[in-house]
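One-letter residues, chain by chain:
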Amino acid sequence: MDWVPIVFIVFKAAVFGTGMFFAIKWHYDQGKKAKEEASRSPVLAERTPGASE
């Protein structure tokens, strides 16, 4: 039964590592998407409906 904590720690590290990978990937993709939209149409990026001036 000494192997149980080792298995749980490895599983926890794998879950957290996967979660961190996808969190970083999601933020990177969101930044790339926003930058792409801003460079595609600078006039539309400045004038968004509902934005306070």
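Residues numbered from 1 in each chain as written. Predicted model: local features only at pLDDT ≥ 70, side-chain atom pairs only at ≥ 80, totals over all residues. Heavy atoms only, no water.

(A) Fine view of the overall build of the chain. A count of helices and strands for the chain gives 2 helices and 0 strands. Within the chain, the fraction of its 53 residues that count as buried is 0%. Within the structure as shown, the chain displays about 5,300 Å² of accessible surface, and the carbon and sulfur contribution to it stands at 69%. (Helix = DSSP H or I, 4+ residues; strand = E, 2+ residues; numbered from the N terminus. Buried < 20%, exposed > 50% of the residue type's maximum accessible area, 1.4 Å probe, protein only. Areas by Shrake-Rupley, 256 points an atom, 1.4 Å probe, with all protein chains shown as cover.)

(B) Representation of a nonpolar patch on the surface in the model. Residues Met1, Trp3, Val7 and Phe8 make up a contiguous nonpolar surface patch of about 530 Å² in total accessible area. When you line up the elements, Met1 lands in the segment before α1 (4-40). A relative accessible area of 78% places Met1 in the exposed class. (Patch = residues over 30% accessible without salt bridge, like charges linked within 9 Å, V, L, I, M, F, W, Y side chains within 5 Å. Salt bridge = Lys/Arg side-chain N within 4 Å of Asp/Glu carboxyl O.)

(C) Local environment of the packing of aromatic side chains. According to the stated counting rule, one finds 1 aromatic pair in the structure shown. Ring plane angle 75° and centroid distance 5.1 Å describe the contact between Phe21 and Phe22, whose orientation is recorded as edge-to-face. Note on Phe22: relative accessible area 49%, which makes it partly exposed. (Phe/Tyr/Trp six-rings, centres within 6.5 Å; stacked < 30°, edge-to-face > 60°.)

(D) How the structure looks around the pattern of salt bridges. In this structure the tally under the stated criterion is 2 salt bridges. A salt bridge links Asp29 to Lys25; its shortest N-O distance comes to 3.0 Å. Here Asp29 pairs with Lys25, and both are found in helix α1, just 4 residues apart, close to one helical turn. Relative accessible area serves as the criterion here: at 30%, Asp29 is assigned to the partly exposed category. Residue Glu36 pairs with Arg40 through a salt bridge whose shortest N-O separation is 3.7 Å. One end of the pair, Glu36, and the other, Arg40, are both in helix α1, 4 residues apart, so they sit about a helical turn from each other.

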